[in-house]
Protein chains: 2
Amino acid sequence: MNHNHYCIIMAGGMGRRFWPYSRKNQPKQFLDLFGTGETLLRQTFDRYKQFIPQENIFITTHKNYKELVANILPEVNEQQLIIEEEWRNTAPSIAYASHVIQKINPNATIVVAPSDHLILKQDEFGKAILKGMDFAAQNDKLVTLGIKPSRPETGYGYIQIDEEQTDDFYKVKTFIEKPALEFAEIFIKSNEFFWNSGIFIWHVNSILKAFHQMMSDICPRVECDVPDFTSCPNISIDYSIMEKAKNVYVQLCDFGWADLGTWNSLYDALPKDQNHNVVINSNTLLYNSQNNIIVMPEGKLAVIKDLDGFLVAAKDNTILVCKKDDQDAIRKFVNDVEMKFGEKYS
Amino acid sequence: MNHNHYCIIMAGGMGRRFWPYSRKNQPKQFLDLFGTGETLLRQTFDRYKQFIPQENIFITTHKNYKELVANILPEVNEQQLIIEEEWRNTAPSIAYASHVIQKINPNATIVVAPSDHLILKQDEFGKAILKGMDFAAQNDKLVTLGIKPSRPETGYGYIQIDEEQTDDFYKVKTFIEKPALEFAEIFIKSNEFFWNSGIFIWHVNSILKAFHQMMSDICPRVECDVPDFTSCPNISIDYSIMEKAKNVYVQLCDFGWADLGTWNSLYDALPKDQNHNVVINSNTLLYNSQNNIIVMPEGKLAVIKDLDGFLVAAKDNTILVCKKDDQDAIRKFVNDVEMKFGEKYS
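1. Here we look at the overall build of chain A
Part 1 of the reasoning: Broken down by element type, chain A carries 10 helices and 17 strands.
Part 2 of the reasoning: Over its C-alpha trace chain A gives a radius of gyration of 20 Å, about what one expects of a compact globule, namely 20 Å for 346 residues.
Part 3 of the reasoning: Along the first, second and third principal axes, the C-alpha atoms of chain A reach 60 × 45 × 35 Å.
Part 4 of the reasoning: For chain A, with 346 residues in total, the buried portion stands at 60%.
Part 5 of the reasoning: Put simply, of all contacts in chain A between residues at least 6 apart along the chain, 67% involve residues at least 24 apart.
Part 6 of the reasoning: Total accessible area on chain A is roughly 14000 Å²; 46% of this is exposed by carbon and sulfur atoms.
Part 7 of the reasoning: With 36 positive and 45 negative side-chain charges, chain A shows a separation of 3 Å between the mean positions of the two kinds.

2. Considering helix α3 (residues 90-104) of chain A
Residues and elements named next belong to chain A.
Part 1 of the reasoning: Here α3 spans 21 Å end to end across 15 residues, near enough to the 21 Å set by a 1.5 Å rise per residue.
Part 2 of the reasoning: Burial analysis of α3 places 12 of its 15 residues in the buried class, which makes it a mostly covered element.
Part 3 of the reasoning: The set of residues buried in α3 consists of T90, A91, P92, S93, I94, A95, Y96, A97, S98, H99, V100 and I101.

3. Remarks on the pattern of salt bridges
Part 1 of the reasoning: Overall, the coordinates contain 40 salt bridges over all chains when judged by the stated rule.
Part 2 of the reasoning: For E338(A), the salt bridge goes to K24(A), with nearest N and O atoms at 3.4 Å. Taken together, the residues span a long stretch of sequence, with E338(A) in helix α10 (residues 327-341) and K24(A) in the loop between β1 (5-10) and α1 (40-48) at a distance of 314 residues.
Part 3 of the reasoning: As a salt-bridge pair, K24(B) and E343(B) come within 3.4 Å of each other at their nearest N and O atoms.

4. Topic: the pairing of strand β15 (residues 301-305) of chain A
Part 1 of the reasoning: Among the 5 residues of β15(A), 5 are classified as buried, and the element is accordingly described as predominantly covered.
Part 2 of the reasoning: Neither face of β15(A) is exposed, since L301(A), V303(A) and K305(A) on one face and A302(A) and I304(A) on the opposite face are all buried.
Part 3 of the reasoning: Where strand β13 (residues 283-287) of chain A meets β15(A), 5 bridges bridge the pair, whose relative direction is parallel. Opposite L285(A), over in β15(A), you have V303(A) as the bridge partner.
Part 4 of the reasoning: Alignment of β15(A) against strand β17 (residues 318-323) of chain B, held across 4 bridges, turns out to be parallel. Paired with L301(A) across the strands is T318(B), a residue of β17(B).

5. Brief notes about the confidence of the model for chain A
Parts of the model with low pLDDT should not have their predicted coordinates read in detail.
Part 1 of the reasoning: Across chain A, the average pLDDT comes to 93, with 100% of residues at or above 70.
Part 2 of the reasoning: Within chain A, β1(A) carries the highest mean pLDDT (98), whereas helix α9 (residues 263-269) of chain A carries the lowest (84).

6. Some details on the relation of the copies chain B and chain A
Part 1 of the reasoning: Overlaying chain B with chain A gives an RMSD of 0.1 Å, the required rotation being 180 degrees about an axis along which the chain moves by 0.1 Å. The operation mapping one copy onto its partner corresponds to a two-fold rotation axis.
Part 2 of the reasoning: When the interface residues of chain B are mapped onto chain A, 100% of them are again interface residues, pointing to one common binding face.

7. Let's talk about the interface of chain B and chain A
Part 1 of the reasoning: At the interface, 35 residues of chain B touch 35 residues of chain A.
Part 2 of the reasoning: Of the roughly 2900 Å² buried between chain B and chain A on both sides combined, carbon and sulfur atoms contribute 63%.
Part 3 of the reasoning: Ranking the residues of chain B by area buried against chain A places L301(B), V303(B) and I319(B) at the top, with a combined share of 22%.
Part 4 of the reasoning: Between chain B and chain A we count 2 salt bridges in total.
Part 5 of the reasoning: In this structure, K305(B) engages D326(A) in a salt bridge whose closest nitrogen and oxygen atoms are separated by 2.3 Å.
Part 6 of the reasoning: On the surface where chain B and chain A come into contact, there are 20 residue pairs in polar contact (both at pLDDT 80 or more).
Part 7 of the reasoning: For the side of chain B that touches chain A, the element with the highest residue contribution is helix α10 (residues 327-341) of chain B, accounting for 7 residues.
Part 8 of the reasoning: Along the lines of polarity and charge, the residues of the side of chain B that touches chain A split into 20 nonpolar, 5 polar and 10 charged.

8. Regarding the sheet that holds strand β12 (residues 278-280) of chain B
Part 1 of the reasoning: An order of β13(A)-β15(A)-β17(B)-β16(B)-β14(B)-β12(B) is seen for the 6 strands of this open sheet, with the pairing classed as mixed. Sheet topology places β13 of chain A together with β12 of chain B at the edges, where each strand pairs with a single neighbour. Averaged over all pairs of adjacent strands, the angle between their axes in this sheet comes to 5 degrees, without regard to strand direction.
Part 2 of the reasoning: The strands touched by α10(B) within the sheet are β13 and β15 of chain A together with β16 (310-315) and β17 of chain B, with β13(A) carrying the most contacts at an inclination of about 140 degrees.

9. What to know about the sheet that holds strand β12 (residues 278-280) of chain A
Part 1 of the reasoning: An order of β12(A)-β14(A)-β16(A)-β17(A)-β15(B)-β13(B) is seen for the 6 strands of this open sheet, with the pairing classed as mixed. The outermost strands of the open sheet, each flanked by one partner alone, are β12 of chain A together with β13 (283-287) of chain B. If you compare each strand with its neighbour and ignore which way they point, the axes differ by 5 degrees on average.

10. A word on the packing of aromatic side chains
Part 1 of the reasoning: Scanning all chains against the criterion turns up 40 aromatic pairs over all chains.
Part 2 of the reasoning: Chaining the aromatic ring pairs together yields one cluster made of Y48(A), F51(A), F125(A) and F255(A).
Part 3 of the reasoning: Cation over ring: K324(A) sits above Y267(A), and NZ or CZ is 4.1 Å from the ring centre.
Part 4 of the reasoning: Between the NZ or CZ atom of K272(B) and the centre of the ring of Y267(B), over which it lies, the distance is 4.8 Å.

11. Structural notes on the pairing of β16(B)
Residues and elements named next belong to chain B.
Part 1 of the reasoning: Across the 6 residues of β16, 6 count as buried, placing the element largely inside the fold.
Part 2 of the reasoning: Neither face of β16 is exposed, since F310, V312 and A314 on one face and L311, A313 and K315 on the opposite face are all buried.
Part 3 of the reasoning: Relative to β17, β16 runs antiparallel, the two being bridged by 6 bridges. Bridge assignment links A314 to a residue of β17, and that residue is I319.
Part 4 of the reasoning: A loop of 2 residues connects β16 with β17, the two strands running antiparallel in sequence, and D316 in this loop sits at a positive phi of about 50 degrees.

12. Focus on unusual backbone geometry
Part 1 of the reasoning: Cis geometry marks the peptide bond from W19(A) to P20(A); its omega dihedral reads 5 degrees.
Part 2 of the reasoning: Unusually for a residue other than glycine, N89(A) sits at a positive phi of about 65 degrees.

13. A closer look at the packing of α3(A) against helix α6 (residues 204-214) of chain A
Residue and element names in this part refer to chain A.
Part 1 of the reasoning: The contact between α3 and α6 brings their axes to 10 Å, and the two run at 135 degrees. Taken as axis vectors, α3 and α6 run oblique relative to one another. Viewed along their axes, α3 and α6 form a crossing whose handedness is left-handed. In contact with A91, I94, A95, S98, H99 and Q102 of α3, α6 contributes V204, N205, I207, L208 and F211.
Part 2 of the reasoning: Each residue belonging to the contact of α3 with α6 can be placed in one class, and the counts come to 7 nonpolar, 4 polar and no charged.

14. So, the side chain of S206(B)
All names here are of chain B.
Part 1 of the reasoning: By the secondary structure assignment, S206 is in helix α6 (residues 204-214).
Part 2 of the reasoning: Taking the relative accessible area as the measure of exposure, S206 reaches 6% and is therefore buried.
Part 3 of the reasoning: Each residue touching S206, except ones within four places of it in the same chain, is listed here: N139, D140, K141 and L142.

15. Points about the nonpolar core
Part 1 of the reasoning: In this structure, Y48(B), W263(B) and L266(B) are the most contacted members of the largest nonpolar core, which totals 77 residues.
Part 2 of the reasoning: Of all hydrophobic cores here, the second largest spans 76 residues; its members include I57(A), I147(A), W195(A) and W263(A).

Cut-offs applied
- Residues numbered from 1 in each chain as written.
- Chains lettered and ligands numbered in written order.
- Predicted model: local features only at pLDDT ≥ 70, side-chain atom pairs only at ≥ 80, totals over all residues.
- Heavy atoms only, no water.
- Helix = DSSP H or I, 4+ residues; strand = E, 2+ residues; numbered from the N terminus.
- Rg over C-alpha atoms; globule rule 2.2 N^0.38 Å.
- Buried < 20%, exposed > 50% of the residue type's maximum accessible area, 1.4 Å probe, protein only.
- Contact = heavy atoms within 4.5 Å.
- Areas by Shrake-Rupley, 256 points an atom, 1.4 Å probe, with all protein chains shown as cover.
- Lys, Arg positive; Asp, Glu negative; His and termini not counted.
- Charge placed at Lys NZ, Arg CZ, Asp CG, Glu CD.
- Expected span 1.5 Å × (residues − 1).
- Salt bridge = Lys/Arg side-chain N within 4 Å of Asp/Glu carboxyl O.
- Pairing = 2+ DSSP bridges.
- pLDDT = per-residue confidence, 0-100.
- Least-squares fit on C-alpha atoms with pLDDT ≥ 70 in both.
- Buried area = accessible area lost by both parts, 1.4 Å probe.
- Polar contact = N/O pair within 3.5 Å; in protein donor to acceptor, adjacent residues only side chain to side chain.
- Nonpolar A, V, L, I, M, F, W, Y, C, P; charged D, E, K, R; others polar.
- Axes fitted to C-alpha atoms, helices over the stretch in contact; angles between N-to-C directions.
- Phe/Tyr/Trp six-rings, centres within 6.5 Å; stacked < 30°, edge-to-face > 60°.
- Lys NZ or Arg CZ within 6 Å of the ring centre and 35° of its normal.
- Parallel < 35°, antiparallel > 145°, perpendicular 65-115°, else oblique.
- Left-handed = near helix turned anticlockwise from the far one by under 90°.
- Core = buried A, V, L, I, M, F, W, Y, C linked by side-chain atoms within 4.5 Å.

Structure representation (structure tokens):
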């Protein structure tokens, strides 16, 4: 393995769109969403350690989750945990983690990865990441991985590509936020649009240079031993850097990728029964029910009749029943639940 | 109070159509279905003791529920509990209870009542029962209470009346099992059809004479100190006696009656929110949801969107989601659950 290769796994999100399965004290990256016995964070860490030195894998997370991360990844040492004192989205934490890595190895090439992705083809994935790291090591470019879309998904962002730079690497023409269905359908018919995976690859100097150029207010707050997250702006890496920088490239990939950002995406990613139902962890009896996703605590039983396209999720003291593609509603549910009942169910 | 007045409360049913809220070890008569803090059995007992001497109220139940009944009704003595060793439906247990009462008071007039009814007008109810008991004390007739139907309910049995005998008492022309909607609609337009409440009134000698004439195989098995339920036929009082006897009369009543035999009937009986949802015992947030009935354990939360006409019932280790008027399906669910998972969820 190349000792200049580093990884930042982002594991600080609240994962509220998976409520009630994810809870405030246990976001989705710390859950065994597939019922395989392994949390998404564990799966992500194991995926990268196949081709990146284990001691070069850093995990960013909120201070509330530090103990959870340490329990799930006991082989990781204290120094590999990048702790955010406040939730300030991805830009500040990536800036800080990059600063930490640069001090250790000013020649580092870094892959930055969310902790909630499903990757089906591990070999292809490893090859693609290493190829991207070679490219980023030799070019002052910011690389994002683009996935060939297989369906007109409205839950993902898209990237429109421009002319090719070199083998599989294209200049980004524009980023498109989650599109309406009519646009998504046009996108997949063209060969110009790719899903934005949210996995980034760059040399540590390239990303820090970009921060100094475009988000200079963040730099003094995180380029120190004790970062000040509180006074950082709350902003994503996509919005602050990727959509503005001139040297952003997309690497076209195909490794069986899914972003497990929503119940609907989890449904798409998982194997279905003959009636297109996805059942996680549960004992179920389903009658005249299609296209549902059902998630129950281990050992619980769900009996369901006449539901089509629904999510039925139970956890602890809470049950949620709604259309599974009603992605935006869940944030509202969680907010309303907190307004009405306080912290009891969130 | 008249010391010849007796009551038999039938509390031995398994109440499986309320699964999963009712469980094998806790049928619906032992549940606080309305969330008032009182079980249906307690409500029934308290209703009758307003006008029948408390020591004359007998409770029939299966041996498995003896302790439950004793706990709910601590003021009842051992002698008032009529225990069935085996489930054999209502005919054997009524025959045995009548035999027990006859030995105590051969001049008894008895009202026989299920333990799962909702009665809204207690005063009217008491007057109607006492009127029926006066009639039955003076006439060798079997009286069943008929309720003027307020809607074309397909979940109830109906009684067609013949000519009037005397004030409010009509000869029964025929009993009709749960009708199809088209018939129920015709029934309520006519003035000849009434809901069969399943509440009966008769002199103890009248009912025992009827048993000797029509179900003579039951008599020797129950007219003894230690009845033999095991060898009794499994048969209802309706089928064995009421539908066959020539001296059956219906007393027309109006006291705000509902049979809580099914989720749908419970829905009909309970107050609704502005979107016609019935919520029992639960914290809920409902969005774009109408005509549902939601029953959760105390302190649990249900968040529901885009459901119309459903039952969402959670209890212990089980959740049921189905159309609330899908009455027949629930028996099938319980059978299937037992086939697939054994006793774990039943």
